[in-house]
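Fold and geometry: a report
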Amino acid sequence: SIASSTSLTRVDFSYNHFGEEAGKAFGAMLADNSVLLEFSLRWNGLGNNGSAALCEGLKRNHLLNRIDISWNGISDDGAKMV
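Here is a short report on the structure shown in this document.

What follows deals with the overall build of the protein. What the protein contains, in helices and strands, is three helices and three strands. Against the globule reference of 12 Å for 82 residues, the protein gives a C-alpha radius of gyration of 12 Å, in line with a compact fold. Taken across its 82 residues, the protein has 41% of its residues classed as buried. By sequence separation, contacts in the protein at least 24 residues apart represent 83% of the contacts at least 6 residues apart.

A separate point is the packing of aromatic side chains. Summed over the entire model, instances satisfying the criterion amount to seven aromatic pairs. An angle of 25° between the planes, with centres 5.3 Å apart, marks the rings of Phe-13 and Phe-26 as stacked. One end of the pair, Phe-13, is in the loop between β1 (10–12) and α1 (20–32); the other, Phe-26, is in helix α1, and 13 residues separate them in sequence. Accessibility expressed as a relative area gives 23% for Phe-13, which makes it partly exposed. Through a chain of ring-to-ring contacts, three or more aromatic side chains come together here, namely Phe-13, Phe-18, Phe-26 and Phe-39.

Time to look at a nonpolar patch on the surface. A surface patch of nonpolar side chains, amounting to about 410 Å² of accessible area, comprises Tyr-15, Trp-43 and Trp-71. Tracing the sequence through the fold places Trp-71 in the loop between β3 (66–68) and α3 (76–81). We classify Trp-71 as exposed; its relative accessible area is 60%.

In this fold, Leu-46 is placed in the loop between β2 (38–40) and α2 (47–58). Expressed as a C-alpha distance, the spacing of Leu-46 and His-17, which sit 29 residues apart in the sequence, is 8.1 Å. Not counting residues up to four positions away in its chain, the partners in contact with Leu-46 are Gly-19, Glu-20, Ala-22, Gly-23, Leu-41, Ser-51, Leu-54, Ile-69 and Asn-72.

Applying the stated criterion across every chain, the model contains eight salt bridges. Taking the shortest distance from any N to any O, the salt bridge between Glu-38 and Arg-66 comes out at 3.9 Å. One end of the pair, Glu-38, is in strand β2; the other, Arg-66, is in strand β3, and 28 residues separate them in sequence. On the basis of relative accessible area, Arg-66 is assigned to the exposed category, the value being 52%. The closest approach of N and O atoms between Asp-77 and Lys-80, which form a salt bridge, is 3.9 Å. A residue pair is termed a helical-turn pair when its members lie 3 or 4 positions apart in one helix, as Asp-77 and Lys-80 do in helix α3 at three residues. The network of salt bridges with shared partners includes Arg-10, Glu-38 and Arg-66.

How each quantity is defined
Counting from 1, residues in each chain are numbered in the order their sequence is written. Restriction of local features to residues with pLDDT of at least 70 applies here, the model being predicted, together with a cutoff of 80 or more for giving and counting side-chain atom pairs; totals for whole chains, interfaces and linings are based on all residues. Calculated side-chain values reflect all of the structure's heavy atoms, with hydrogen atoms and water omitted. Only DSSP runs of H or I reaching four residues or more are called helices, and only runs of E reaching two or more are called strands; each is numbered from the N terminus. For the radius of gyration, the atom set is restricted to C-alpha positions; the globular benchmark scales as 2.2 Å times the number of residues to the power 0.38. The buried label applies to any residue whose accessible area, calculated with a 1.4 Å probe on protein chains only, is under 20% of its type's maximum; exposed applies above 50%, and partly exposed to all values in between. Contact between two residues is taken to exist if any of their heavy atoms lie within 4.5 Å; hydrogens are not considered. Stacked, tilted and edge-to-face pairs are distinguished by plane angle, under 30 degrees for stacked and over 60 for edge-to-face with tilted covering the rest, among Phe, Tyr and Trp rings (Trp via its six-membered ring) whose centres lie within 6.5 Å. Put simply, a patch holds well-exposed residues, over 30% relative accessible area, that have no salt bridge, with like charges counted together within 9 Å and Val, Leu, Ile, Met, Phe, Trp or Tyr side chains within 5 Å. For every accessible area listed, the method is Shrake-Rupley and the probe measures 1.4 Å; residues are considered covered only by the protein chains on display. What makes a salt bridge here is a side-chain nitrogen of Lys or Arg within 4 Å of a carboxyl oxygen of Asp or Glu, nothing more.

This is how it looks when you write it as structure tokens:
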């Protein structure tokens, strides 16, 4: 899995339309990952709640230096949570 990988530094899951629940799952993964440097989730329909859950995991990740969550249906209010 990505969370336990010791060599995977870049992941692009763009255009998969995972939905809001993916934000929760990827947030949990990012909280525990200590290798990933770049992560892209463009066009996955995360919405406000999914992106907020993702960002909760990012609070514990101090290595990731690039994340792309563009085109996920995040409103202005949702962007404030990010």
